[in-house]
Amino acid sequence: MDARENADAAADKKKGTEAVLDLQDVSVLYSGKPAVRNVSCAIWRNRITSIIGPSGCGKSTLLRSLNRMNDFVDGVSIEGKILFAGQNLYGGDVDPVEVRRRIGMVFQKPNPFPKSIYANISWGPSINGYDGSMDELVERSLQQAALWEEVKDRLHDSALNLSGGQQQRLCIARALAMEPQVLLMDEPCSALDPISTAHIEDLLFELQSRYTIVIVTHNMQQAARVSDYTAFMETGSLVEFGETDQIFTRPEKKRTEEYVTGRFG
Amino acid sequence: MAFSSEQEQRNLVARHRRSRLFARLCAVVTWSSVFLLAVLLVRVSLDGLSWLDWQFLDSFPSRIPERAGIKAALVGTLWMIVLVALIAIPVGVSAALYLEEFAKRGRLSRLIEVNIANLAGVPSIVYGILGLAIFVRFFALERSLISGALTMSLLILPVIIIASREAIRMVPMSIRYAALSLGATRWQTTWSHVLPSAFPGIMTGVILALSRAIGETAPLILIGAMSFVAFLPQGPMDSFTALPIQIYDWASRPQAEFQELAAAGIIVLLIVLLLMNATAIYIRNKTEKRQK
């Protein structure tokens, strides 16, 4: 270990955290065309990291490569390494199903199963062999997602009867029921009204102490409000990564400053 | 009106007129086909209704029209429905699932797709020849119910596959992603979410296909279903007859009484069809409601 790495490690200790995901020179290619180029950064435990950038900059693509959801898109290939608990997510002996079980995801549009609220939560744990009390798990998950009070009397109603904001919180509860080590959120508020958005943002603060969250957002105020770290991407490259305060108040790169001050994008 | 010129007004009136004209044309076309169906039903009922009684349902064919009945054919058709459903639904739905959910998009899957589409258009008599060569002769299943059911299954498989694929494709990707992101395997995703969501659509296709199968005559004649059967099939290896064959046999006789028996047989066939469709609609509505 050289001096710089030592210093980094010391700095990490000061922040009281460690890297859960370590991206090393990650590129994502669609049929050979790079959508994400040579991104290196770390995702810190129990912190919220937001990825911002103009439309089409590859932020969602990068997010989806973190739990191998890109596997389902034809013609995608990944270069570089994404270390999770010391193991490369794209290593030959890694089962992508296991990856997704550990790294949960919430999508842009609420996508509850067309089943009851209860079944939405319980399905994931049950197929993964959860053998504790399902009722407790459902209640706990819904409470964590700040949805319990609103739905506790109608757990067996269809999830499709919920409002958009409630559906999105249900999707968060569904992901939390798996007790994921990392929770990925792909513009989780973009389909929601301002009040529902505020609900979700409040929820993120609540979850922060227990979960590591990576959130993609096109809303800079949201990134500034909720996240500890911010990554700014443009045309597939990571322009700047740092603590959110620093990115928004004294960015090192000119391009970052222009973007966060709303001069383009 | 004040806010548009006279010319615009005239133009709008003309457009409304054209729109009404088209609506009327559509109504005429719809009602004329309903009318034709009604005429058919009335004619058949006039001819056959007087013959339709318990004795007719509970008797075997006979040379004496008053004693002839449709028992063997009705039971044969019911056997066929059950056997064809047991064979064609699992195979057809599995094939559709494979093509939609598991197969890699490539030259091979495209080749299979084109072939299935073409098979759906092959005349039924060709399937009859195929059934005769493969099931009756090669597998030595004889002129049995199972030969007939296998042949019919081949006939309707393309329809079931195409309809099921359509239904599976209608299931939004977001549902699959939701399941997969929870650490589900492809199969768990398919079984718990894709299949239930696609079920009503698959059901519709299956019932339409089965209805076609029970009305088909040509392949059964070719593989040698008999028209004079004085016993009930006890198992899938027994020889048999079916409603369309019995109807065909009666209709091709010169005596007026047999013509009327054919009409009565048609009524029975139509009732079986209607019952099947009603069941399908019932099942579909029930599952659709459960999902909402």
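Computed from a prediction, not measured in an experiment: that's the story for all the values here.

1. Quick look at the overall build of chain A
No. 1: Within chain A, the secondary structure is distributed over 11 helices and 10 strands.
No. 2: Taken over C-alpha atoms, the radius of gyration comes to 19 Å for chain A, in line with the 18 Å a tight globule of 265 residues would show.
No. 3: Reported as C-alpha extents along the three principal axes, the dimensions of chain A are approximately 55 × 45 × 40 Å.
No. 4: Expressed as a percentage of the 265 residues in chain A, the buried residues total 54%.
No. 5: A separation of at least 24 residues holds for 68% of the contacts in chain A among residues at least 6 apart in sequence.
No. 6: Total accessible area computed for chain A in this model is approximately 11800 Å², and 46% of it derives from carbon and sulfur atoms.

2. Digging into the packing of aromatic side chains
No. 1: For the structure on display, the rule yields nine aromatic pairs over all chains.
No. 2: Considering the side-chain rings of Phe-138 of chain B and Phe-139 of chain B, the 5.1 Å spacing of their centres and the 80° angle between planes classify their relative orientation as edge-to-face.
No. 3: Looking at Phe-138 of chain B, the relative accessible area reads 66%, which means it is exposed.
No. 4: Here a set of aromatic residues connected by ring pairs shows up, and it is made of Trp-44, Tyr-229 and Phe-241 of chain A.
No. 5: Directly above the aromatic system of Tyr-177 of chain B lies the positively charged group of Arg-64 of chain A, at a separation of 5.5 Å from the ring centroid.

3. Some points on the interface of chain B and chain A
No. 1: Taken together, the contact pairs 21 residues of chain B with 24 residues of chain A.
No. 2: Contact between chain B and chain A buries roughly 1900 Å² in total, counting both sides, with carbon and sulfur atoms accounting for 65%.
No. 3: By the criterion of area lost to chain A, the three top residues of chain B are Tyr-177, Ser-181 and Leu-182 of chain B, representing 34% of everything that side buries.
No. 4: For the interface between chain B and chain A, the tally reads four residue pairs in polar contact (both at pLDDT 80 or more).
No. 5: Among the elements that take part in the side of chain B that touches chain A, helix H8 (residues 186-215) of chain B stands out by supplying seven residues, more than any other.
No. 6: Of the residues in the side of chain B that touches chain A, the class split is eight nonpolar, 10 polar and three charged.

4. Re the confidence of the model for chain B
No. 1: Of the residues in chain B, 97% reach a pLDDT of 70 or more, and the chain-wide mean stands at 87.
No. 2: For this predicted complex, the interface confidence reaches an ipTM of 0.87, while the overall pTM sits at 0.82.

5. Re the pairing of strand S6 (residues 103-106) of chain A
Residue and element names in this part refer to chain A.
No. 1: Of the two faces of S6, both are covered, the one formed by Ile-103 and Met-105 as well as the one formed by Gly-104 and Val-106.
No. 2: Of the pairings in the sheet, the one linking S6 to strand S7 (residues 182-186) comprises four bridges and is parallel in character. Residue pairing in the sheet places Ile-103 in a bridge with Val-182 of S7.

6. Quick notes on a nonpolar patch on the surface
All names here are of chain B.
No. 1: There is a patch of nonpolar side chains on the surface, built from Tyr-98, Phe-102, Trp-187 and Trp-191 and spanning about 480 Å² of accessible area.
No. 2: When contributions to the nonpolar patch are tallied by element, the ones reaching two or more residues are helix H3 (71-102) and H8.
No. 3: Tracing the sequence through the fold places Trp-187 in helix H8.
No. 4: Judged by its relative accessible area of 46%, Trp-187 falls in the partly exposed class.

7. Things to note about the pattern of salt bridges
Residue and element names in this part refer to chain B.
No. 1: On inspection of all chains with the given rule, the structure shows 21 salt bridges over all chains.
No. 2: Arg-165 is paired through a salt bridge with Glu-100; the nearest N and O atoms lie 2.9 Å apart. Of this pair, Arg-165 sits in helix H6 (residues 145-169) while Glu-100 is found in helix H3, placing the two residues 65 residues apart along the sequence.
No. 3: Judged by relative accessible area, Arg-165 falls into the buried class, the value being 9%.
No. 4: Note that Arg-186 and Glu-101 form a salt bridge whose closest N and O atoms lie 3.7 Å from each other.

8. Brief notes about the packing of helix H4 (residues 117-127) of chain A against helix H7 (residues 164-176) of chain A
The relative placement of two packed helices comes down to the angle between their axes together with the axis-to-axis distance.
All names here are of chain A.
No. 1: In the contact formed by H4 and H7, the axes pass within 8 Å of each other and the chain directions differ by 30°. Classified by the angle between their axes, H4 and H7 sit roughly parallel to one another. Here the hand of the crossing between H4 and H7 comes out right-handed. Of the residues in H7, those touching H4 at Ile-117, Asn-120 and Ile-121 are Leu-170, Ala-173 and Arg-174.
No. 2: In terms of residue class, the contact of H4 with H7 is made up of four nonpolar, one polar and one charged.

9. Re the nonpolar core
No. 1: Formed by 65 residues in total, the largest nonpolar core has its most connected members in Met-80, Val-84, Ile-156, Ile-202, Leu-220, Leu-243 and Trp-250 of chain B.
No. 2: Among the elements of the structure, H3, helix H5 (124-138), H6, helix H7 (173-180), H8, helix H9 (218-223), helix H10 (243-251) and helix H11 (256-291) of chain B are those that each provide at least two residues to this core.
No. 3: Examining the composition of this core, we find that 12 residues originate from one element, H3 of chain B, more than from any other.
No. 4: Beyond its immediate chain neighbours, meaning those up to four positions away, Ile-156 of chain B contacts Val-84, Ala-88, Ala-209, Leu-210 and Ala-213 of chain B.
No. 5: Of all hydrophobic cores here, the second largest spans 34 residues; its members include Ile-48, Ala-159, Leu-176 and Ile-200 of chain A.

What counts as what
Residues numbered from 1 in each chain as written. Chains lettered and ligands numbered in written order. Predicted model: local features only at pLDDT ≥ 70, side-chain atom pairs only at ≥ 80, totals over all residues. Heavy atoms only, no water. Helix = DSSP H or I, 4+ residues; strand = E, 2+ residues; numbered from the N terminus. Rg over C-alpha atoms; globule rule 2.2 N^0.38 Å. Buried < 20%, exposed > 50% of the residue type's maximum accessible area, 1.4 Å probe, protein only. Contact = heavy atoms within 4.5 Å. Areas by Shrake-Rupley, 256 points an atom, 1.4 Å probe, with all protein chains shown as cover. Phe/Tyr/Trp six-rings, centres within 6.5 Å; stacked < 30°, edge-to-face > 60°. Lys NZ or Arg CZ within 6 Å of the ring centre and 35° of its normal. Buried area = accessible area lost by both parts, 1.4 Å probe. Polar contact = N/O pair within 3.5 Å; in protein donor to acceptor, adjacent residues only side chain to side chain. Nonpolar A, V, L, I, M, F, W, Y, C, P; charged D, E, K, R; others polar. pLDDT = per-residue confidence, 0-100. Pairing = 2+ DSSP bridges. Patch = residues over 30% accessible without salt bridge, like charges linked within 9 Å, V, L, I, M, F, W, Y side chains within 5 Å. Salt bridge = Lys/Arg side-chain N within 4 Å of Asp/Glu carboxyl O. Axes fitted to C-alpha atoms, helices over the stretch in contact; angles between N-to-C directions. Parallel < 35°, antiparallel > 145°, perpendicular 65-115°, else oblique. Left-handed = near helix turned anticlockwise from the far one by under 90°. Core = buried A, V, L, I, M, F, W, Y, C linked by side-chain atoms within 4.5 Å.

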